[in-house]
Amino acid sequence: MPLFCLFLILFLTGCEYGQSTLQFAGKTMGTTYSVVLVPQSLSGRQVDPVTLQAEVDRELGRISKLMSTYDESSQLSQLNAHPVGKYFTVHPDLYHVLQASQELARLSDGAMDVTVGSLVDLWGFGPGYADSKPPSESEISLARGNAGYQALDIDVENYRVRRRKAFHVDLSSIAKGFAVDQIRDLLRRRGHDDFLVEIGGELFASGRIKSDRQWQVAIEAPEADNRSIQTTLPLQDMAMATSGDYRNYFEWNGKRYSHTIDPRSGYPVDHQLVSVTVIAASAMYADGWATTISVLGLEQGMQLANAQQLAVLAMIETASGLETIRSEKLAAYTGY
Ligand code: ADP
Ligand code: MG
């Protein structure tokens, strides 16, 4: 999560130009969020940060009540507890995120697969699990046999969903991005054009920090115990999401196990690709794609990124250190 660096950059930029910004932060979806509004967005109006933050908190609470796997009463948890084979009516927002997830699952041939929830739990990355040690092969093959995006049916006309196998749906790879888009829409409805909203490192940069200057957003170096900036990118009316295995993992017998699971093997991904950043118009898709490419690995991931014309920055670990690779679209976007 490039949260710290993000703030570092914002503060530098703000101070450098003598700007006062309105900022607030809080907790949501098992992580933190932050919002920064710049002065031109506030011109001529009194903005009460307490009221605005209360509105943001309410919206984030509403989304968590739909999509969190950590809340047993969320609508997603209810879907996961609903009898296998029986349809369950969901809120249009949950439906929308499930549809997007299934689209990415089809495009990636199941690398992205939100039915991976039971495997995520098994590997200790789900709610209420603390034992950090690999599960047995038989447990893995059982959970893998009980998963698969093809067994998640979406009834397009009636906002109904059903699981045809006993898997848990896990939207952790995409729900934060969706929430970022929702907060962006909320702030725009309140008349703000120039702001930055970030949840757990997934973010949207709206407008500009100054009329003659774009937002500059930092991407963190993929290191577990050190927080430094690898590179910065300009962003205007664009979202950015990063997936990486460098912070959320556990170690067992000297081997690192990532929280990104390859649904096709049932095992955490294990390749040289350590960080994937995607820039897109929608934070939900940026978030989902970042996870998708992380699962696919460098070669297949960049192939799909180029075929889909995605702006992607990937970092790989090589014998001689860290290497940065850009998709065609990103190279065109940044001009290098
Ligand atoms: P982060 O939560 O660090 O932003 P991601 O957006 O990449 O990272 O989401 C990773 C989470 O998604 C995992 O913690 C897990 O809950 C879930 N997940 C793991 N593997 C997959 C997968 N192949 N497809 C969909 N979701 C996954
Ligand atoms: Mg993601």
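Further up the page is the structure itself.
Summarised in this report is the structure supplied together with it. This is a predicted model, so every value here is computed, not measured.

What counts as what
- By convention here, each chain's residues receive numbers from 1 onward along its written sequence.
- Here the convention is simple: chains get letters from A, ligands get numbers from 1, in the order in which they are written.
- In keeping with the predicted nature of the model, local features appear solely for residues at pLDDT of at least 70, side-chain atom pairs appear and are counted solely at 80 or more, and the whole-chain, interface and lining totals rest on all residues.
- As a rule here, side-chain values come from all non-hydrogen atoms in the structure, and water together with hydrogens is ignored.
- Whether a residue is near a molecule or strand depends on its heavy atoms: it is near if one of them lies within 4 Å of it.
- Any pair of nitrogen or oxygen atoms within 3.5 Å is treated as a polar contact; in protein, a donor-acceptor pairing is required on top of that, and neighbouring residues in sequence qualify only through side-chain atoms on both sides.
- Areas reported here follow the Shrake-Rupley algorithm with a probe of radius 1.4 Å; residue values treat only the protein chains shown as occluding.
- A cavity, in this analysis, means grid points on a 1 Å lattice covering only the protein atoms where a 1.4 Å probe fits yet has no way out; a pocket is instead an open set bounded by protein on both sides within 12 Å along at least five of seven lines, and a residue lines either one if it has an atom within 4 Å of a point.
- The rule for placing a molecule in a cavity or pocket is simple: more than half of its atoms must lie within 2 Å of the grid points.
- In this text, helices come from DSSP runs of H or I with a minimum length of four residues, and strands from runs of E with a minimum of two, each type numbered from the N-terminal end.
- Basically, the charged four are Asp, Glu, Lys and Arg, the nonpolar ten are Ala, Val, Leu, Ile, Met, Phe, Trp, Tyr, Cys and Pro, and anything else, Gly included, counts as polar.
- Domain segmentation is taken from an automatic or database assignment of domains.
- Note on ring pairs: Phe, Tyr and Trp rings are taken, using the six-membered ring of Trp, and paired if centres are within 6.5 Å. Classes follow the plane angle, with under 30 degrees stacked, over 60 edge-to-face and the rest tilted.
- Categorising residues by exposure relies on relative accessible area from a 1.4 Å probe, with only protein chains included: less than 20% of the type maximum marks a residue as buried, more than 50% marks it as exposed, and the intermediate range marks it as partly exposed.
- Water is absent from the atoms considered, so a metal site may look incomplete; donors are defined as N, O and S atoms within 2.8 Å of the metal, or 3.2 Å for Na, K and Ca.
- Grid points are joined across faces, edges and corners, and a volume is the space filled by probe spheres set on the points.
- DSSP calls a pair of strands paired once it identifies at least 2 bridges connecting them.
- Axis lines are fitted through C-alpha atoms, for helices just across the contact stretch, and the angle between N-to-C directions can take any value from 0 to 180 degrees.
- By definition in these notes, contact holds between two residues if any of their heavy atoms fall within 4.5 Å.

## Some details on the site of ligand 1
In the vicinity of ligand 1, 18 residues are found, and the nearest of them are Asp170, Ser243, His259, Ile261 and Thr291. One of the side-chain N or O atoms of Thr291 is found 2.7 Å from an oxygen atom in ligand 1. Here ligand 1 has 570 Å² of accessible area as a free molecule, and 92% of this is covered by the chains. Structurally, ligand 1 is housed in the largest pocket. Sorting elements by how many residues they give to the shell around ligand 1 places helix α9 (residues 283-296) first, with three residues. Residues belonging to the shell around ligand 1 are distributed by class as follows: seven nonpolar, six polar and five charged. When residues of the shell around ligand 1 are sorted by domain, at least three fall in each of domain 1 (2-65 + 180-334) and domain 2 (70-163).

## Let's talk about the packing of aromatic side chains
This model, assessed by the stated rule, comprises five aromatic pairs. Considering the side-chain rings of Tyr95 and Tyr159, the 4.5 Å spacing of their centres and the 85 degrees angle between planes classify their relative orientation as edge-to-face. On the criterion of sequence distance, the pair formed by Tyr95 in helix α5 (residues 92-107) and Tyr159 in the loop between β4 (152-155) and β5 (160-163) is long-range, its members being 64 residues apart. On the accessibility criterion, Tyr95 (10% relative accessible area) is buried.

## Digging into the coordination of the magnesium ion (ligand 2)
Taken together, Ser173 (O), Asp287 (O), Asp287 (OD) and Thr291 (OG1) make up the full set of protein donors to the magnesium ion (ligand 2), lying 2.1 to 2.4 Å away. For the magnesium ion (ligand 2), the donor residues sit on a single chain with the sequence spacing S-x113-D-x3-T. Of this pair, Ser173 sits in the loop between β5 and α8 (175-189) while Asp287 sits in helix α9, and the two are 114 residues apart along the sequence. With respect to class, Ser173 is no different from Asp287; both count as buried.

## Let's talk about empty space enclosed by the protein
According to the stated counting rule, one finds one cavity of 30 Å³ or more in the structure shown. In this structure, the largest cavity spans a volume of roughly 50 Å³. Lining of the largest cavity is provided by Ser243, Gly244, Asp245, Ser258, Thr260, Val269, His271, Leu273, Val274, Ser275 and Ser294. For the lining of the largest cavity, the elements supplying multiple residues, two or more each, are β10 (238-244) and β15 (273-280). Looking at which element gives the most residues to the lining of the largest cavity, the answer is β15, with three residues.

## Concerning the sheet that holds strand β6 (residues 195-199)
Strand order across the open sheet formed by eight strands is β1-β2-β6-β7-β10-β15-β16-β17, with antiparallel pairing between neighbours. Looking at strand neighbours, the two that pair on one side only are β1 (22-28) and β17 (321-326), the edges of this open sheet. On average, each strand axis in the sheet is inclined to that of its neighbour by 15 degrees, with strand direction left out of account. Note: strand β2 (residues 31-37) against β6, five bridges, orientation antiparallel. Bridge pairing in β6 links Ser34 to Glu198. In the packing of helix α10 (residues 298-307) onto the sheet, contacts are made with β15, β16 (311-318) and β17, and the angle to β16 comes to roughly 170 degrees.

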